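Reading the structure
Residue strings, one per chain:
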Amino acid sequence: MQSLIEKYRTVLVILVICAIVLIAYILKSASAAPVKEASFTAAPVKKEKEPEELKIVEKVFVDVKGEVVNPGLYEVRQGDRLKFVIDRAGGFTPEADKKVINLAVKVSDEMMIYVPKVGEIEMHGFAPSMPGIDSAKDRININTATQQEFETLPGIGPAKASTFIQYREEHGPFAAIEEIQNISGVGEKTFEKLKEYIYVQ
């Protein structure tokens, strides 16, 4: 047996060396192989919520006249209260008839705000064409009234209503309600009937 081992010793040594070299080669190859980078799936970036669009506040223009400290054209926000506009105009003058002005009214574009003097409405039959002034509640503005609106006046039919409009077109806006007496067929008696229902602006 011993002689047999000695006979094949050289072969065994060669086989062992080959096995060691083979193992070493395999290990070397394994260590030299490029490491595959881990594939990372980027997490979706959450899109930040865009800030809500700021509500655009509409700007409007109003014309302030009469008994305020600084009459003029003012740029304000749509829906502002009349009090804010009056304050912008410097407030009322001592002569202003504040009792006929509703400061809670919301203003709108192209509104004309007229603050009368004390006694002016009663004296001249004048009432501003704006909401919130009670004295103009049941009246019509004869400078802007339509045919149908004139026909709502006591004693005024279609024919007479058309004469109001014709006179206005030919002579321009009425300066005062008394001017309607210049219209053919409208005398003092008719004026007395109508003066409580009309105003000029």
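Right above here is the structure, for reference.
None of the values given here were measured: they were computed from a predicted structure. (Residues numbered from 1 in each chain as written. Predicted model: local features only at pLDDT ≥ 70, side-chain atom pairs only at ≥ 80, totals over all residues. Heavy atoms only, no water.)

1. Concerning the nonpolar core
- The biggest cluster of nonpolar side chains holds 19 residues, and the ones touching the most others in it are Phe 150, Phe 164, Ile 180 and Ile 198.
- Mapped onto this core, the elements with two or more residues apiece are α5 (158–171) and α6 (188–194).
- For this core, the leading source of residues is α5, giving four residues.
- Residues Tyr 74, Ile 101, Val 105 and Val 107 belong to the second largest nonpolar core, which totals 18 residues. (Core = buried A, V, L, I, M, F, W, Y, C linked by side-chain atoms within 4.5 Å. Buried < 20%, exposed > 50% of the residue type's maximum accessible area, 1.4 Å probe, protein only. Helix = DSSP H or I, 4+ residues; strand = E, 2+ residues; numbered from the N terminus.)

2. Focus: the environment of Ile 183
- Tracing the sequence through the fold places Ile 183 in the loop between α5 and α6.
- What makes Ile 183 buried here is its relative accessible area of 5%.
- Along the primary structure Ile 183 and Tyr 167 are separated by 16 residues, whereas in three dimensions their C-alpha atoms are 6.8 Å apart.
- Contact partners of Ile 183, with chain neighbours within four places excluded, come to Thr 163, Phe 164, Tyr 167 and Phe 174. (Contact = heavy atoms within 4.5 Å.)

3. Focus on the sheet that holds strand β2 (residues 72–77)
- Pairing is mixed in the open sheet, where three strands are placed in the order β2-β1-β3. The open sheet is flanked by β2 and β3 (111–115), the only strands paired with a single partner. Ignoring which end each strand starts from, the neighbouring axes of this sheet average 30° apart.
- Bridging between strand β1 (residues 59–66) and β3 involves five bridges; their strand directions are parallel. Bridge pairing in β3 links Val 64 to Ile 113. (Pairing = 2+ DSSP bridges. Axes fitted to C-alpha atoms, helices over the stretch in contact; angles between N-to-C directions.)

4. Re α5
- With 14 residues, α5 ought to run about 20 Å at 1.5 Å a step, and its terminal C-alpha atoms sit 20 Å apart, in line with that.
- Among the residues making up α5, those that are buried are Ala 161, Phe 164, Ile 165, Tyr 167 and Arg 168. Angularly, the buried residues of α5 cover 155° about the axis, an arc narrow enough to put them on a single face. Every exposed residue of α5 that faces more than 90 degrees away from the buried side is listed here: Pro 158, Ala 159, Glu 169 and Glu 170.
- Residues of α5 that are buried sit in contact with α4 (147–150) and α6.
- The first or second residue beyond α5 is Gly 172, which carries a positive phi of 90°. (Expected span 1.5 Å × (residues − 1). Arc of directions from axis to C-beta.)

5. Considering the pattern of salt bridges
- The final tally for this structure, using the stated rule, is five salt bridges.
- Lys 99 is the partner of Asp 97 in a salt bridge, and the nearest nitrogen-oxygen pair spans 2.8 Å.
- For Glu 192, the salt bridge goes to Lys 195, with nearest N and O atoms at 3.0 Å.
- Owing to a relative accessible area of 41%, Glu 192 belongs among the partly exposed residues under this scheme.
- A relative accessible area of 29% means that Lys 195 is categorised as partly exposed. (Salt bridge = Lys/Arg side-chain N within 4 Å of Asp/Glu carboxyl O.)

6. A look at the environment of Lys 59
- Following the sequence through the fold, Lys 59 ends up in strand β1.
- Judged by relative accessible area, which is 48%, Lys 59 ranks as partly exposed.
- On a C-alpha basis, the gap between Lys 59 and Glu 75 in space is 6.5 Å, while along the polypeptide they are 16 residues apart.
- If we ignore the near neighbours within four places in the chain, the residues touching Lys 59 are Glu 75, Val 76 and Arg 77.

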